[in-house]
Amino acid sequence: MSLRLISLATNLITVHENSPVADHYLFSFLSTSPFKNISGYYLNTNGDTVHCEFKFKDWNITPQLLEVSANGKFITLTPVEIKGFGVYGYGDYISREINYHSGNYSPLNAPDVFSDLVTTRHSFLKRVAPGKYALYELVESSHTYFFVEEDDLIKELVYRVKKVGMDILEDDTYKKEIFAYFSKERLGAEYSTDITNLTYNSRSIVPLFRKLNEKISGVKYKPVRRDKTEFDVFLGAVDNTFPTSIGGRYSEANNKFDGSTSVSGGVSVVYFAPGQFRRVAIGASLAYNSYNRAFIREDSIVNFTSIYNNRTTKYVEVFSMKNHLLMLDLFGMYFVNPLNKVKVYVKGGFNTNIGLNSRNEIYVDYASRTTGVRNGTIAIDDSETGQVIIATRKLYFNIHGGLGLNSGKHKVEFNYYTPGVMNVNLLFKVKMMSVYYYFTLSK
């Protein structure tokens, strides 16, 4: 790693006054526990509200067992022991005995007929659309079920599939049931097209029930957003190195440019997926980079046959290249410990380098003087000046990977970029490393 980048990274990292001691700090950000204690409540069998803390795992599957700390005691709760619970910021659940058509299998394992087998059990159900026709969701490993509560009665929106040859056929009973709810409120005709085009998933059914309940009550329900988009500005440095040797007008192909470190900065947008405590994110950034290198090669070429035939060419070659670039990066991020104050993340992406200079070639300006003798009597005294131009691409590409630290609105990040090919014929390449400090404008 370049010492320049190490020095810059050291200067960019800010240690807060209230930072814990080193051992605790190291343990804190390396911890990868998937659980987090989050405040909430549960309703006991008498309907009383008990405030507590949940050992919460950002459930993608509806839980059937809760681990709770309440009144100084650690307890576990099942659906038959309470009437419901809520985790602040993550949703509310009820506990009911339900009857439903089991469909927790992949399409490849679907039955040959629509199954009439009904499962009965106590379960937690997550409320996803409140109102007169409250909609609830039960998520199993391979299937999601929806239930509608009307007048304290819970009823399944029946969805079944069967396999016919290589095709999967769906039972559209749930569409008829949904149409019946809308028709009760004289909204069936208005939403008939939406109901016909439904698919049995949250993105399709939940918004429709929110519209139904909002039409009835006049109260607009705004769900808690679990995803997040943030905008960052960043500043740092990019170290460009050029490992490929090239030849000049006279010199052999053993000339290399020194590395060039550029001040760099830009903007980025990052989208965090809602599940798993926003552990995964994707994004795009636009940054500035540049390089400007030159060196001189002086040498002589001696051709000596005899004292009657010989020549000596003394030459000077000036190698130079210069460019300003935009780095357009599409990337993904994975946070190793998303629940900690100081988070560790890995990053990888595809970077496109866009040359901004109208002329971005490699130039070799040369001057030479040749002296000697030919056939013993003819003196040689020639000179030559000129320029060799080696074309380079205006677009070249890298794949990169990196590691970063995130605390609040601050991030520090290091990236290594695979060599980008600037000239295909010569395989002239540039390798890059970067260090950036990010500040989040919106979080």
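Residues numbered from 1 in each chain as written. Predicted model: local features only at pLDDT ≥ 70, side-chain atom pairs only at ≥ 80, totals over all residues. Heavy atoms only, no water.

1. Digging into the sheet that holds strand 8 (residues 134-139)
Within the open sheet, the ten strands sit side by side as 4-3-2-1-5-6-7-8-9-10. Their pairing is antiparallel. At either end of the open sheet lies a strand with only one pairing partner, and these are strand 4 (73-77) and strand 10 (153-156). Direction aside, the axes of adjacent strands within the sheet are offset by 40° on average. Sheet topology note: the strand 6 (residues 91-101)/strand 7 (residues 118-129) ladder contains nine bridges and is antiparallel. Residue histidine 101 lies in a different strand from strand 7, and its bridge partner there is valine 118. (Pairing = 2+ DSSP bridges. Helix = DSSP H or I, 4+ residues; strand = E, 2+ residues; numbered from the N terminus. Axes fitted to C-alpha atoms, helices over the stretch in contact; angles between N-to-C directions.)

2. Regarding empty space enclosed by the protein
The final tally for this structure, using the stated rule, is one cavity of 30 Å³ or more. The volume enclosed by the largest cavity comes to roughly 80 Å³. What lines the largest cavity is a set of 13 residues, among which Ser285, Met327, Asp329, Tyr417 and Tyr436 lie closest to the centre. At the level of secondary structure, the elements contributing two or more residues to the lining of the largest cavity comprise strand 15 (280-306), strand 16 (309-335), strand 17 (342-355), strand 21 (410-423) and strand 22 (428-442). Counting residues per element, the lining of the largest cavity draws most heavily on strand 21, at three residues. In terms of residue class, the lining of the largest cavity is made up of six nonpolar, four polar and three charged. (1 Å grid on protein atoms, 1.4 Å probe; cavity = no way out; pocket = protein on both sides within 12 Å on 5 of 7 lines; lining within 4 Å. Points joined across faces, edges and corners; volume = space filled by probe spheres on them. Nonpolar A, V, L, I, M, F, W, Y, C, P; charged D, E, K, R; others polar.)

3. Quick word on the environment of asparagine 375
Among the secondary structure elements, asparagine 375 is positioned in the loop between strand 18 (362-374) and strand 19 (378-390). Ignoring anything within four residues of it in the chain, the contact list for asparagine 375 reads Tyr308 and Asn309. (Contact = heavy atoms within 4.5 Å.)

4. Some details on the side chain of glutamate 413
Looking at the secondary structure, you find glutamate 413 in strand 21. In terms of polar contacts, glutamate 413 uses its side chain to reach the side chain of tyrosine 345, at 2.8 Å. Looking at glutamate 413, its side chain comes within polar contact range of the side chain of asparagine 415, at 2.7 Å. (Polar contact = N/O pair within 3.5 Å; in protein donor to acceptor, adjacent residues only side chain to side chain.)

5. Quick word on the nonpolar core
Among the nonpolar cores identified, the biggest contains 33 residues, and Leu135, Leu157, Ile178, Ile205 and Phe209 are the most heavily contacted of them. Those elements that place two or more of their residues in this core are strand 6, strand 7, strand 8, strand 9 (144-150), helix 3 (173-184) and helix 5 (202-217). At five residues, helix 5 tops the list of elements feeding residues into this core. Here leucine 157 is in contact with Leu135, Phe146, Phe147, Val148, Tyr174, Glu177, Ile178, Tyr181, Tyr200, Ile205 and Phe209, once residues within four sequence places are set aside. Counting 23 residues, the second largest nonpolar core, distinct from the first, contains Phe242, Phe257, Leu325 and Met432. (Core = buried A, V, L, I, M, F, W, Y, C linked by side-chain atoms within 4.5 Å. Buried < 20%, exposed > 50% of the residue type's maximum accessible area, 1.4 Å probe, protein only.)

6. Quick look at helix 5
With 16 residues, helix 5 should reach 22 Å at 1.5 Å per residue; the first-to-last C-alpha distance of 22 Å fits that figure. Check the buried side of helix 5 and you find it contacts strand 7, strand 8, strand 9, helix 3 and helix 4 (192-196). Just downstream of helix 5, glycine 218 is the residue with a positive phi angle, here 80°. (Expected span 1.5 Å × (residues − 1).)

In short, the description is geometric, and any link to function would need to be established separately.
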